Amino acid sequence: MRVISGKYRGMVLARFGGAEIRPTADRVKESLFNILAAEIGGARVLDLFCGSGNLGIECISRGAEHVAFNDISKDSIAVLRKNLSRLSERNYTVYNKDFRACLSTCGQADLIFIDPPYASDAGVEALKIIANGNNLSDGGIAVYERDRPFTDEIVGLEVADRRRYGKIHLTFFRKC
């Protein structure tokens, strides 16, 4: 797991193991950030189920204004803090909360990454909260990663794009 581009390009990130841990693969991350390239500079980002911080740190490297990292796992937060300690910027906030609590307090973002454990329905619930709240700025994008296509409808959000990379499915949402 490494930073793909920007100021910290090539930095190898600390990670942790476990059967339920699956960081976004470098090739998927590279494709994702090629799609989002024009959206990141100066953006406010929320990495809602951040794990080791792989996606949010990539945004910092590419010039995001601020990144909010959140994960309910204390082990994830420990690995995240190890990775963040290597950065010269401090334009980030770290939350160790349930995703619902984070969404109710973290403010508005231009880009939200939703990458929960695949066995959970937390991603769909997070999308519904985002659709009904003020978490996503006008013109902002929410990206949902999971192991199967997203076929549901979320009132208040429209699917802007869908991509598949092997077993990984990315769905991009905008407010409607």
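J.: Would you mind going over the overall build of the chain with me for this structure?
T.: Regarding its fold elements, the chain presents 5 helices and 7 strands. Reading the chain from its N terminus to its C terminus gives the helix and strand order α-β-α-β-α-β-α-β-α-β-β-β. A compact globule built from 176 residues would reach a C-alpha radius of gyration of about 16 Å, and the chain, at 15 Å, matches this within 12%. Across its three principal axes, the chain shows a C-alpha extent of roughly 40 × 30 × 30 Å. For the chain, with 176 residues in total, the buried portion stands at 51%. Sequence-distant contacts, at least 24 apart, represent 63% of the contacts inside the chain between residues at least 6 apart. Total accessible area on the chain is roughly 8,200 Å²; 48% of this is exposed by carbon and sulfur atoms. When the 25 positive and 22 negative side-chain charges of the chain are each reduced to one mean point, those points stand 5 Å apart.

J.: What is the right way to read the packing of aromatic side chains from this model?
T.: For any pair of aromatic rings, the description rests on two quantities: the centre-to-centre distance and the angle between the ring planes. Across all of its chains, the model carries 5 aromatic pairs by this definition. Ring centres 5.3 Å apart and planes at 40° place the aromatic pair Phe 49 and Phe 99 in the tilted group. Here Phe 99 lies in helix H4 (residues 99-105) and Phe 49 lies in the loop between strand S1 (44-47) and helix H2 (54-61), a separation of 50 residues in the sequence. The exposure class of Phe 99 is buried, given its relative accessible area of 7%. Plain terms: the ring middles of Phe 150 and Phe 173 are 5.3 Å apart, the flat faces sit at 85° to each other, and that makes the pair edge-to-face. Placement of Phe 150 in the loop between strand S5 (136-146) and strand S6 (157-165) and of Phe 173 in strand S7 (residues 168-175) is noted, with a sequence separation of 23 residues between them. Accessibility classification places Phe 150 together with Phe 173 in one group, the buried group.

J.: Sorry if this is basic, but what is going on with helix H5 (residues 122-132) here?
T.: Since the α-helix advances by 3.6 residues per turn, residues separated by three or four positions end up pointing in the same direction. Buried within H5 are the following residues: Ala 122, Gly 123, Val 124, Ala 126, Leu 127, Ile 130 and Ala 131. Its buried side turned inward, H5 meets H4, strand S4 (109-114), S5, S6 and S7.

J.: Explanation requested: the pairing of S5 in the structure shown.
T.: Look at any regular strand and the pattern is simple: side chains alternate between the two faces of the sheet. Most of S5 is tucked away, with 9 of its 11 residues classed as buried. The sheet contact formed by S4 and S5 spans 5 bridges and is parallel. Note that in S5 the partner of Leu 111 across the bridge is Ile 141. Where the polypeptide runs from S4 across H5 and back to S5, its parallel neighbour, the crossover connection is right-handed. As defined by bridge partners, S5 adjoins S7 across 5 bridges and the pair is classed as antiparallel. Across the sheet, residue Tyr 144 finds its bridge partner in S7, namely Thr 171.

J.: Looking at this structure, how should I read helix H3 (residues 74-84)?
T.: Those residues of H3 not exposed but buried are Ser 76, Ile 77, Val 79, Leu 80, Asn 83 and Leu 84. For H3, the angular spread of the buried residues around the axis is 165°, confining them to a single face. Facing away from the buried side of H3 by more than 90 degrees, the exposed set consists of Lys 74, Asp 75 and Lys 82. Buried residues along H3 sit in contact with H2, strand S2 (66-70) and strand S3 (92-95).

J.: Honestly, the pattern of salt bridges in this entry has me stumped. Any pointers?
T.: Side-chain pairing between opposite charges can occur once the charged atoms of the two side chains come close. In total, this model carries 9 salt bridges according to the counting rule given. We note a salt bridge from Glu 89 to Lys 7, for which the minimum N-O separation is 2.8 Å. A residue pair is termed long-range when its members are at least 10 positions apart, and Glu 89 in the loop between H3 and S3 and Lys 7 in the segment before helix H1 (26-40) qualify at 82 residues. Of the charged contacts, one joins Glu 58 and Lys 29 as a salt bridge, the two residues approaching to 3.3 Å between their closest N and O atoms. Of this pair, Glu 58 sits in helix H2 while Lys 29 sits in helix H1; the two residues are 29 residues apart in sequence, bridging distant segments of the chain. Side by side, Glu 58 and Lys 29 carry an identical accessibility label, which is buried.

What counts as what
Residues numbered from 1 in each chain as written. Predicted model: local features only at pLDDT ≥ 70, side-chain atom pairs only at ≥ 80, totals over all residues. Heavy atoms only, no water. Helix = DSSP H or I, 4+ residues; strand = E, 2+ residues; numbered from the N terminus. Rg over C-alpha atoms; globule rule 2.2 N^0.38 Å. Buried < 20%, exposed > 50% of the residue type's maximum accessible area, 1.4 Å probe, protein only. Contact = heavy atoms within 4.5 Å. Areas by Shrake-Rupley, 256 points an atom, 1.4 Å probe, with all protein chains shown as cover. Lys, Arg positive; Asp, Glu negative; His and termini not counted. Charge placed at Lys NZ, Arg CZ, Asp CG, Glu CD. Phe/Tyr/Trp six-rings, centres within 6.5 Å; stacked < 30°, edge-to-face > 60°. Pairing = 2+ DSSP bridges. Right-handed = clockwise from strand over helix to strand, strands pointing away. Arc of directions from axis to C-beta. Salt bridge = Lys/Arg side-chain N within 4 Å of Asp/Glu carboxyl O.

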